[in-house]
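# An overview of the molecular structure
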Amino acid sequence: MDKMKNSGMSETMQTLTRKSACVMLSLLLLLSAVLPVKAAAETAPAKVVRVGSFEDTFNYVNENGARKGYGYELLQTLSGYTGWQFEYVTCDWSDCFEKLKNGEIDIMGDISYTEDRTEEMLFSDEPMGEEKDYLYADLSREDITASDFKTLNGKKIGVLMGTEPEVMLAEWEEKYGLKTEHVNVSNNEDVKQENSNKNPAVNSVQRDYMAGEVSRDLTTRMLLPHDIVEADREGIIHFHDSDYYAQHMHNCDLVDLEDMLQNGTVISGTMIEKPHSFSTACNIATQIIAQVASNQYGGQSFTLSHLAPFVDVSRQKLRKSVIEERIESGEVLDDAIIDKITERRLRTEVQSGIQTIQYQLITLMTCNGQAPFVTVFMYLDEVPEGRTRDDLAMIIEEVMKQRMQGVKNEKGVWITPAFPKLIYVLEEDNIRPGTPYYYLTELAAKCTAKRMVPDYISEKKMLELKVDKNGEGHCYTCMGCRSFLTPYVDPETGKPKYYGRFNQGVVTINLVDVALSSGGNFEKFWKIFDERLALCHKALQARHQRLMGTPSDAAPILWQYGALARLKKGEKIDKLLFGGYSTISLGYAGLYECVKYMTGKSHTDAGAKPFALSVMQHMNDKCNAWKKAENIDYSLYGTPLESTTYKFAKCLQKRFGIVPGITDKNYITNSYHVHVSEHIDAFTKLKFESEFQKLSPGGAISYVEVPNMQDNLEAVIKVMQFIYENIMYAELNTKSDYCQVCGYDGEIQIVPED
């Protein structure tokens, strides 16, 4: 389509007779009386004319604060002849029209001429210029040709709904008898909301999103097979993080902080040697985390156990200093006094070190426009009994005390920070009253009730579920939110290894679409299911191949300096992609809706549960078959959908219409979770979901929604103890409200008006 439109300057008249038009008409006639106006300008005082300014390519403010654009330059040229001074009033598209109507501004530029608008606006006799609107299509689309308009029939066209170009497009289509679907891309909200941890108004985020859109475009046009692109577009699968796929980047990992701190590392070309104090170790850890976050797109985790040895390093250093001070001052060298002073100073240093971690991690901005998505792991049994474990307990205690306090927002109010995420391991030494570290569990309960963290891992259940080839169970953290590594024994050492490993990426299958596509026929369901899984496998292979051949130089902090490996310069990372060192995840979503459509019942129903479990087992069987054939560690993953839940829901409604109880919401259910509408108590929910969680070896998390529990910590601890006995990984979502008007911090009750 090649359509012209006139863009002129417009003024809303206060009455239909345009009785106030005479003064402004001289402006709107533009250059029709150039020389006389110029002469008048040399003697007349400057007139201020208010211009409505909405950001577009004709009139905008660049990164240096300078106004630019064709419309701006035209007005500046006009002011040279009139002597008028233009005052720019910022407004958005609709707001500018209102300001024009009520007299807050005098003129607007870049307005398309229409007959309807002439009823309220006075347009200049001469247009600002002509604007051409084109339809763009992917060069690879052989089914669309410029020479035959009819090839557009049935196609989707991205538009800004309700704008003049969209209206003109509709008129043009009607003229040529075309039928297309207009898809609103206004403000690109899908892009803005894709990551709930990013603020799309911030420059660095916008830069990341712009780069991401370029990557996404390259991915869909050039890098991915067409059938995968189409399946992703239709919501049959979701190819995660395509905005990073053009680069050779992986998803998430467990940072080997122990190797980096004990053996030294290199950050931005600078050698960092083993720290000589706990506070220095904390500072280096935050720098490592920021660097790692800038070289991947998913979450990361580190354990406080790797910081614990540096507490005693500081202790010995402080003790030496105390002794020197007492000698200089002539005081008695009493060991009890020296130890007491040393421990008091050590507590202060631990407090300072943890504060550094807390504030650095939420204020450091990575190159992808957000604070690092990082999880802090708190597991007492990860270090030997004795002083080191007690030192770790001291660190854990300080972490939770500072998290309970929160951080101050810009108004000085204590609030709950989003990061770092905390995970606390429930174990025999802390789960019951009378155990050595039960006081930490009580502190964790208080912290959860106030700040919604930590989340909880049951050491008991994890040791049962995460068993390596030597028959040994292991307890370790997820990578960021919920992605878990599978058990692995290092072939070189014969020992288990978790820190320094990573996940290659995720592709998610929409189980609801499988069910609806089958029409409720079980034979068709399993056939379609296998076809979709084969498509997911193909997409996962593409992810794997994208990482193949990546040189370690692409991210030295990861591959050369210890975060994930110690490869040589120029060495490829290929060996880390096979044999279980890293995982690659088949995600799934909408198990509830899938089962409900196929059986007529929720998967919590005894009659439908076997089908739900068979769906889960079938996906695990496929992952195991792929793994055996390719020596790549495929694992099943309960996807955290975020904005993809809306994408899937919209696609389902478009493909199948509104199916009551299945597609009648603007979301679908995460992974295996019980549907939010079901009435179920916390203990029953956790017990039920535990059966599905063990069938998600690549990661999953269960949660229970509870009210404000700060005055009922006994109940919180009961839930924690139930988690310990029944489910590997779970969280409590509590109320943590903050009123931005009055500053109230606590549960906000919504009371209906009488």
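Residues numbered from 1 in each chain as written. Predicted model: local features only at pLDDT ≥ 70, side-chain atom pairs only at ≥ 80, totals over all residues. Heavy atoms only, no water.

### Let's talk about the overall build of the protein
A tally of regular secondary structure across the protein gives 23 helices and 25 strands. Per-residue burial for the protein yields a buried fraction of 51% across its 754 residues. Relative to all contacts within the protein whose residues are 6 or more apart in sequence, the contacts with residues 24 or more apart total 72%. Surface accessibility of the protein: about 35,400 Å² in total, with carbon and sulfur atoms responsible for 51%. (Helix = DSSP H or I, 4+ residues; strand = E, 2+ residues; numbered from the N terminus. Buried < 20%, exposed > 50% of the residue type's maximum accessible area, 1.4 Å probe, protein only. Contact = heavy atoms within 4.5 Å. Areas by Shrake-Rupley, 256 points an atom, 1.4 Å probe, with all protein chains shown as cover.)

### Quick word on the packing of helix H16 (residues 511-518) against helix H21 (residues 644-656)
Between H16 and H21, the least distance of the axes is 10 Å, while the angle of their chain directions is 10 degrees. In terms of their interaxial angle, H16 and H21 are classed as roughly parallel. In contact with Val-512, Asp-513, Leu-516 and Ser-517 of H16, H21 contributes Leu-652, Arg-655 and Phe-656. Across the contact of H16 with H21, the residue classes tally to four nonpolar, one polar and two charged. (Axes fitted to C-alpha atoms, helices over the stretch in contact; angles between N-to-C directions. Parallel < 35°, antiparallel > 145°, perpendicular 65-115°, else oblique. Nonpolar A, V, L, I, M, F, W, Y, C, P; charged D, E, K, R; others polar.)

### Some details on unusual backbone geometry
Omega for the bond connecting Phe-419 with Pro-420 falls within 30 degrees of zero, at -5 degrees, which places this linkage in the cis form. Mapped onto the fold, Pro-420 is located in the loop between strand E18 (414-415) and strand E19 (421-426). Positive phi, normally seen in glycine, also occurs at Ser-268, with a value near 55 degrees. Mapping Ser-268 onto the fold places it in the loop between strand E13 (265-267) and strand E14 (270-272). Positive phi, normally seen in glycine, also occurs at Met-452, with a value near 70 degrees. The topology assignment puts Met-452 in the loop between helix H14 (438-451) and strand E20 (455-458).

### Focus on the pairing of strand E2 (residues 48-53)
Pairing of E2 with strand E5 (residues 85-90) involves six bridges; the strand directions are parallel. Note on E5: the bridge partner recorded for Gly-52 is Val-89. Pairing between E2 and strand E6 (residues 107-112): two bridges, direction parallel. Considered in E6, the bridge of Val-51 is made with Ile-107. (Pairing = 2+ DSSP bridges.)

### Looking at empty space enclosed by the protein
Tallying each qualifying case throughout the model produces four cavities of 30 Å³ or more. By volume, the second largest cavity is sized at about 90 Å³. Contributing to the lining of the second largest cavity are Leu-304, Ile-354, Ile-357, Gln-358, Val-376, Val-399, Gln-402, Arg-403, Pro-420 and Leu-422. Broken down by secondary-structure element, the contributors of at least two residues to the lining of the second largest cavity are helix H12 (335-363) and helix H13 (387-405). Tallied by class, residues from the lining of the second largest cavity come to seven nonpolar, two polar and one charged. (1 Å grid on protein atoms, 1.4 Å probe; cavity = no way out; pocket = protein on both sides within 12 Å on 5 of 7 lines; lining within 4 Å. Points joined across faces, edges and corners; volume = space filled by probe spheres on them.)

### Comments concerning the layout of surface pockets
Here the second largest pocket defines a volume of roughly 1,000 Å³. Residue lining of the second largest pocket: 38 residues in total, with Asp-256, Pro-496, Lys-497, Tyr-498 and Tyr-499 positioned closest to the centre. A per-element tally of the lining of the second largest pocket places helix H9 (residues 257-263) first, with three residues.

### Remarks on the packing of aromatic side chains
Tallied over the entire structure, the rule returns 26 aromatic pairs. Ring geometry for Trp-526 versus Phe-611: centroids 6.0 Å apart, planes at 75 degrees, classification edge-to-face. With Trp-526 in helix H17 (residues 522-547) and Phe-611 in helix H20 (residues 609-630), this residue pair connects regions lying 85 residues apart in the sequence. Among the residues examined, Phe-611 registers a relative accessible area of 10% and is labelled buried. Members of the aromatic cluster, each reached through a chain of ring pairs, are Phe-522, Phe-525, Trp-526, Phe-529 and Phe-611. Just above the ring of Tyr-245 sits the side chain of Arg-546; from NZ or CZ to the centre is 5.7 Å. (Phe/Tyr/Trp six-rings, centres within 6.5 Å; stacked < 30°, edge-to-face > 60°. Lys NZ or Arg CZ within 6 Å of the ring centre and 35° of its normal.)

### Quick notes on the nonpolar core
Phe-302, Leu-304 and Leu-307 are the most contacted members of the largest nonpolar core, which has 80 residues in total. Not counting residues up to four positions away in its chain, the partners in contact with Leu-307 are Leu-261, Phe-278, Ala-281, Cys-282, Ala-285, Phe-302, Ile-357 and Ile-395. Counting residues in each nonpolar core, the second largest holds 46 residues, with Leu-511, Ala-608, Val-674 and Leu-695 among its members. (Core = buried A, V, L, I, M, F, W, Y, C linked by side-chain atoms within 4.5 Å.)

### Side note on the pattern of salt bridges
On inspection of all chains with the given rule, the structure shows 37 salt bridges. A salt bridge links Asp-381 to Arg-389, with the shortest nitrogen-to-oxygen separation between them at 2.8 Å. Overall, Arg-389 belongs to the buried group, its relative accessible area being 5%. Lys-665 is the partner of Asp-664 in a salt bridge, and the nearest nitrogen-oxygen pair spans 3.5 Å. With a relative accessible area of 34%, Asp-664 lands in the partly exposed category. For Lys-665, a relative accessible area of 34% corresponds to the partly exposed category. (Salt bridge = Lys/Arg side-chain N within 4 Å of Asp/Glu carboxyl O.)

### A short note on H21
Between the first and last C-alpha of H21 there are 18 Å, a value that for 13 residues agrees with the 18 Å anticipated at 1.5 Å per step. Within the span of H21, buried status applies to Thr-644, Thr-645, Lys-647, Phe-648, Ala-649, Cys-651 and Leu-652. Buried residues along H21 sit against helix H8 (226-233), strand E11 (237-239), strand E21 (502-510), H16 and strand E22 (583-589). Within two residues after H21, Gly-657 carries a phi angle of roughly 75 degrees, on the positive side. (Expected span 1.5 Å × (residues − 1).)

### Describing the packing of helix H10 (residues 278-293) against H12
Viewed as axis vectors pointing N to C, H10 and H12 meet at an angle of 10 degrees, and their least axial separation amounts to 8 Å. For the element pair H10 / H12, the angle class is roughly parallel. When the axes of H10 and H12 are compared, the crossing they make is right-handed. Across from Phe-278, Ser-279, Cys-282, Asn-283, Thr-286, Gln-287 and Ile-289 in H10, the residues of H12 making contact are Glu-349, Val-350, Gly-353, Ile-354, Thr-356, Ile-357, Gln-360 and Leu-361. (Left-handed = near helix turned anticlockwise from the far one by under 90°.)

### Some details on a nonpolar patch on the surface
Where nonpolar side chains cluster on the molecular surface, the patch consists of Val-214, Leu-218, Met-222 and Leu-223 and spans about 330 Å² of accessible area. Locating Leu-218 in the fold gives a position in helix H7 (residues 203-223). The exposure class assigned to Leu-218 is partly exposed, which follows from its relative accessible area of 30%. (Patch = residues over 30% accessible without salt bridge, like charges linked within 9 Å, V, L, I, M, F, W, Y side chains within 5 Å.)

### Here's the deal with the confidence of the model for the protein
Averaged over all residues, the pLDDT of the protein is 87; the fraction at 70 or higher stands at 88%. Residue range residues 1-42 is modelled with pLDDT below 50. Its contacts to residues more than four positions away, or to other chains, number 111 contacts. (pLDDT = per-residue confidence, 0-100.)

### Side note on the side chain of Lys-421
Within the fold, Lys-421 resides in strand E19. A polar side-chain atom of Lys-421 sits 3.3 Å from a polar atom in the side chain of Tyr-729. Leave out the neighbours within four places in its chain, and Lys-421 touches Val-374, Thr-375, Val-376, Asp-455, Gly-480, Cys-481, Ile-701, Tyr-729 and Glu-731. (Polar contact = N/O pair within 3.5 Å; in protein donor to acceptor, adjacent residues only side chain to side chain.)

### Let's talk about the pairing of strand E9 (residues 156-159)
Residues Ile-157 and Val-159 line the buried face of E9, whereas the alternating positions Lys-156 and Gly-158 sit on a face that is not buried. Judged from the four bridges that link them, E9 and strand E10 (residues 181-184) form a sheet pairing that is parallel. Opposite Ile-157, over in E10, you have His-182 as the bridge partner.

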